[in-house]
Amino acid sequence: MILGQFFLGPPDEEALKAIRQDFSLDSRESLDDITAEFIELFSYPHGRLVPLESLFSPTKDAGYTDVAGIYAGADLVIDDAYNAAPDHISLEFLFMSYLIENGKTAMEQKFLEQHLMNWVPYYCEEVMKQAQTRFYREIAEIVKDFLVAEYDAYKR
């Protein structure tokens, strides 16, 4: 899922242009400013807002070990090429894509409710408050709105 990719690394010039167009962003900051903010906010371990469930979830049993066990229970093996903790937002969104593509609706709904909704909306609010670039404020708003819409669709 593309939304999780925003938190794995800063875009390159070509990706930035496509993101601005595809998501109709108003952001006009330079790639250098966006890259600098990515490092300041999201880079592990020194970023102010490293996107890990274990850092932002109010549920004490959620996080690295719990999520890794859920992936294994769904027969999903995360490729070593992903240099991120299992509870990193990018991997959690990738897992949701896997569940959607494989028709595992009940598991998708449970993961959305018990994990993503417990921390990502709050996390996105923090990004919107702390980001200096309009780019990351807009991205956080898009991620939050998408997740809330997905959750609301399940509740109907």
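Just so it is clear, the model here is predicted, and its values are computed rather than measured.

Caption draft 1: The layout of surface pockets, seen in detail. In this structure, the largest pocket spans a volume of roughly 200 Å³. Lining the largest pocket, in full, are Phe 7, Leu 8, Phe 38, Phe 42, Ser 43, Tyr 44, Val 50, Leu 52, Asn 83, Ala 84, Ala 85 and His 88. Of the residues contributing to the lining of the largest pocket, the split by class is 9 nonpolar, 3 polar and no charged.

Caption draft 2: How the structure looks around helix α8 (residues 134–155). Taking 1.5 Å per residue, 22 residues should reach 32 Å; α8 reaches 32 Å between its end C-alpha atoms and fits that length. Next to the buried residues of α8 lie α1 (2–5), α2 (13–22), α3 (31–42), α6 (89–101) and α7 (105–130).

Caption draft 3: Just the pattern of salt bridges, in detail. Under the defined criterion, the tally for this structure stands at 5 salt bridges. One salt bridge connects Glu 40 with Arg 48, and the closest N-O pair in it is separated by 2.3 Å. Notably, a salt bridge pairs Arg 134 with Glu 138, separated by 4.0 Å at the nearest N-O pair. In this pair, Arg 134 and Glu 138 are both assigned in helix α8, 4 residues apart and thus about one turn of the helix distant.

Calculation notes
- Residues numbered from 1 in each chain as written.
- Predicted model: local features only at pLDDT ≥ 70, side-chain atom pairs only at ≥ 80, totals over all residues.
- Heavy atoms only, no water.
- 1 Å grid on protein atoms, 1.4 Å probe; cavity = no way out; pocket = protein on both sides within 12 Å on 5 of 7 lines; lining within 4 Å.
- Points joined across faces, edges and corners; volume = space filled by probe spheres on them.
- Nonpolar A, V, L, I, M, F, W, Y, C, P; charged D, E, K, R; others polar.
- Helix = DSSP H or I, 4+ residues; strand = E, 2+ residues; numbered from the N terminus.
- Expected span 1.5 Å × (residues − 1).
- Contact = heavy atoms within 4.5 Å.
- Salt bridge = Lys/Arg side-chain N within 4 Å of Asp/Glu carboxyl O.

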